[in-house]
Amino acid sequence: RYPALLTPLDLGFTQLRNRVLMGSMHTGLEEEKGGFDKLAAFYAERARGGVALIVTGGIAPNLRGRLVPHGSQLSFPWQVAKHRKVTEAVHAEGGKIALQILHAGRYAYHPFSLAPSAIKAPISPFKPRAMSERQILATIRDFARTSELARRAGYDGVEVMGSEGYLINQFICERTNHRTDRWGGSLENRLRFPVEIVRAIRERVGKDFIIIFRLSMLDLVEQGSFLEEVIALGKGLEEVGVTLINTGIGWHEARIPTIATSVPRGAFTWVTAELKKHLKVPLITTNRINTPEVAEQILAAGEADMVSMARPLLADPEFVLKASEARGDEINTCIACNQACLDHVFKQKRASCLVNPRACFETELNFGRTPQPKKLAVVGAGPAGLAFACYAAERGHRVSLFDQAGEIGGQFNFAKQIPGKEEFHETLRYFAKRLERCGVELYLGQRQSAESLLGGGFDEIILATGIRPRTPAIPGIEHPKVLSYLEVLRDHKPVGQKVAVIGAGGIGFDVAEYLVESHGERSKAQWLKEWGIDTRFEQRGGLMQPVVVAPERQVWLLQRKESKVGDGLGKTTGWIHRAVLKSRRVEMLSGVQYRRIDDEGLHIEVGGVAQCLPVDHVIVCAGQEPLRELEADLRAAGKPVHIIGGADVAAELDAKRAIRQGAELAAII
Ligand code: SF4
């Protein structure tokens, strides 16, 4: 079904079984005690699922290159053995694996950082020291030594991390390279460092070893590279024997989203396609490729020779296998939320996946057949109920799943309507298919009572009944202009031109975006323009002035807390939501006291100053309470009851927690 995706790629000295590369992603297991055994199981599962070539998370070539003080490094022969566990596990499954070598440069989060010039990065508190000639030459040797050790550890190759604003990228761009010696100034000088690294690696490892270079094709920062400079680097790398060139988009300090769910699928493949006109080595494209259809389209159009996917393979290790067996509709699609993967990594926590809580827990969270099948009732087909029902049925329990709504999904059905969150449709499609396959008996549009459940002969009952929105005690809260977020997102009640949103948590932001963003399909070109990305590449770094059409609706987003609005949102995505609302002229106010709601509008006080927001509607997103009406009667009748998801903890609507809790209960019930 996917001929371009499933065609092998001949690299001369070796063959890749298809066109899927699992992109580098730090999991946190690299630094955990005993983490390499878990890492081996994690990668082996992906290799078994058919991916052609895996790239590990970034490993430093020396101490100063570590991202964090305790970050992983491969520099000494005694470090080889633990890596061998990973390579042997991957090879046993017919896969190939390359080690990514990453020198953080000025992005390092410690005081020993080095960079081409002593210029502090906006995303690190530490100012780097400028590298001496000796340190530059030693670093080149360190890259080569790590590559040799990688070869000894059984890796099929290495990926040199030259993008995303890390050390090598810092040498390439004038933004961070102010040197006046042979490593700075002219283009030739700025490209010397990456080219010499690849040359040194090739000399050290010989001809039959994969060297991938991750090249920043679009920096998305001021004083980034011009297209001609990117092409020149590509050609320079070809000359010194690079095997594959991977695409990097955007420095970490760039203020343009590149992988968030609001980024259209395949939004940046045009960059790789542009480079492909000039280079001979196979090129890998990346960013927001999460279905076999999108991947196939890109490859069939000749925009790249391979696609790189990291998060989609966290979400579903069998992505390639399912695609090759025409089971694409069974793929658990990555929704690009970052909540359990990148947000965890940034908090120094082990990565996992919101839609697949087994990711990175392959040795710990398993779902073997139960020796004691039970008859189970699950009330509520939201994220927690769905996850529990599927895993429990797959273990051999007889599961009945009830929901009073006419469709599965619970709160996912509201999330999927938010512009930029359409990927939730995929999760619902996935669960619908999985329910069918694992034989869960589904009863929709039926409200359950304690009596009906008690009369059903169930051994145990799982309450995943979710939440009800909280109504804050504000005078006038009964006014007809007050709506709950459910009335807006679920019941689609009409909303006026001037709106105040009370509560600036995740739902408040969602509702504000729902009110000011255009609905319906937004073209890739339109999205690129709105974020100021120059597809003609006439400016350095591919930047231009953003073109945003202001919405007709005026929205205020309010919170009681004094902290910055949106502070509690995800580390990797919160800034995007804030930027979107700012560009849509949404007024975000914190430290708000709500006085009353009347015909005039919403009366508030901020910093001791009273004012009236003359709004047509006030939408309440002020948290929620657990819905557990059935619990007392069921327990009184002596029935074993489990409470999961929002019905357990309603503080924030947290699908990540809900799915994991459902899965963990299913594993032991
Ligand atoms: Fe994708 Fe979200 Fe899972 Fe990360 S947590 S892999 S972004 S679905």
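Note on numbering: residues in each chain are counted from 1, in written sequence order. Only residues with pLDDT of at least 70 are given local features in this predicted model, and only at 80 or more are side-chain atom pairs given and counted; all residues enter the totals for whole chains, interfaces and linings. As a convention, hydrogens and water are excluded, and side-chain values are obtained from all of the structure's heavy atoms.

S.K.: Help me understand the overall build of the chain in this model?
M.R.: Across its full length, the chain carries 22 helices and 27 strands. Taking 669 residues into account, the globule formula puts the C-alpha radius of gyration at 26 Å, and the chain, at 26 Å, falls close to it. Exposure classes here rest on a 1.4 Å probe applied to the protein chains alone. A residue is buried below 20% of its type maximum, exposed above 50%, and partly exposed in between. Here the chain holds 669 residues, and the buried ones make up 62% of them. It only takes one pair of heavy atoms within 4.5 Å for two residues to be counted as in contact. Across the chain, contacts joining residues at least 24 apart in sequence account for 72% of those joining residues at least 6 apart. Every accessible area reported is derived by Shrake-Rupley at a probe size of 1.4 Å, with residue values counting cover from the shown protein chains alone. Split by element, the accessible area of the chain, about 26000 Å² in all, is 50% carbon and sulfur. A positive count includes Lys and Arg, and a negative count includes Asp and Glu. His and the chain ends are not counted in either. Each charge is placed at NZ for Lys, CZ for Arg, CG for Asp and CD for Glu. Treating the 86 positive side-chain charges of the chain as one cloud and the 78 negative ones as another, the clouds have centres 5 Å apart. Strands are runs of DSSP state E lasting at least two residues, helices are runs of H or I lasting at least four, and both sets are numbered from the N terminus onward. Radius of gyration here uses only the C-alpha atoms, and the compact-globule reference equals 2.2 Å multiplied by the residue count raised to the power 0.38.

S.K.: Can you walk me through the packing of aromatic side chains in this structure?
M.R.: Both the distance between ring centres and the angle between the ring planes are used here to describe each pair of aromatic rings. Each Phe, Tyr or Trp ring, with Trp reduced to its six-membered ring, pairs with another whose centre is within 6.5 Å; inter-plane angles below 30 degrees give stacked pairs, above 60 give edge-to-face pairs, and intermediate values give tilted ones. Here the structure, examined in full by the defined rule, presents 13 aromatic pairs. Arranged with centres 6.1 Å apart and planes meeting at 85 degrees, the rings of F268 and W527 form a pair that is edge-to-face. With F268 in the loop between β10 (244-249) and α8 (269-276) and W527 in helix α19 (residues 524-530), the pair connects residues that are 259 residues apart, well separated along the chain. You can call W527 buried: its relative accessible area is 1%. Grouping aromatic residues by their ring pairs yields a cluster made of F171, W183 and F193. Positioned over the ring face of Y391 is R434, at 4.3 Å from the centre of the ring. Here, a charge over a ring means that NZ of Lys or CZ of Arg falls within 6 Å of the ring centre while also lying within 35 degrees of the ring normal.

S.K.: Before we go on, may I ask you to explain the packing of helix α13 (residues 383-394) against helix α15 (residues 424-438) in this structure?
M.R.: Helix-helix packing is described using two parameters, namely the angle between the two axes and the distance between the axes. Between N-to-C directions, angles cover 0 to 180 degrees, with each direction set by a line fitted to C-alpha atoms, over the stretch in contact for helices. It is at 9 Å that the axes of α13 and α15 come closest, and there the two elements cross at 30 degrees. In terms of orientation, α13 and α15 fall into the roughly parallel class. You can see that α13 and α15 cross each other, and the crossing is left-handed. Contacts between α13 and α15 pair L386, A387, A389, C390, Y391, A393 and E394 from the former with F431, R434, L435 and C438 from the latter. The residue inventory of the contact of α13 with α15, partitioned by class, reads 9 nonpolar, no polar and 2 charged. Note that the term roughly parallel is reserved for angles under 35 degrees, roughly antiparallel for angles over 145, roughly perpendicular for angles of 65 to 115, and oblique for everything else. Two helices crossing with the near one rotated counterclockwise from the far one by less than a right angle form a left-handed crossing, whereas a clockwise rotation gives a right-handed crossing. The nonpolar class holds Ala, Val, Leu, Ile, Met, Phe, Trp, Tyr, Cys and Pro. Asp, Glu, Lys and Arg form the charged class, and all remaining residues, Gly among them, are polar.

S.K.: Even after reading the chapter, I still don't get the site of the ligand, so can you show me in this structure?
M.R.: When at least one non-hydrogen atom of a residue lies within 4 Å of a molecule or strand, that residue is treated as near it. Close to the ligand lie R311, L314, C334, I335, A336, C337, N338, A340, C341, C353, L354 and V355, which account for all nearby residues. Residues of the shell around the ligand, tallied by class, amount to 10 nonpolar, 1 polar and 1 charged.

S.K.: Is there a simple way to explain the nonpolar core in this structure?
M.R.: Residues F268, F388 and I533 are the most contacted members of the largest nonpolar core, which totals 160 residues. Not counting the four nearest positions on each side in its chain, I533 is found in contact with L218, L220, I256, F268, W270, W527, L528, G542 and M544. The next biggest cluster of nonpolar side chains, apart from the first, holds 28 residues, and it includes L489, V499, V501 and L569. Buried Ala, Val, Leu, Ile, Met, Phe, Trp, Tyr and Cys residues form a nonpolar core when they are joined through side-chain atoms within 4.5 Å.

S.K.: It is not clear to me how the pairing of strand β19 (residues 498-502) should be interpreted in this structure. Could you clarify?
M.R.: The side chains of a regular strand alternate, residue by residue, between the two faces of the sheet. Of all 5 residues making up β19, 4 are buried, and the element is well covered by its neighbours. Note on pairing: two strands pair once DSSP finds at least 2 bridges between them. Summarising the sheet, β19 and strand β25 (residues 617-620) pair through 4 bridges and their orientation is parallel. Residue pairing across strands places V499 opposite H617, the latter belonging to β25.

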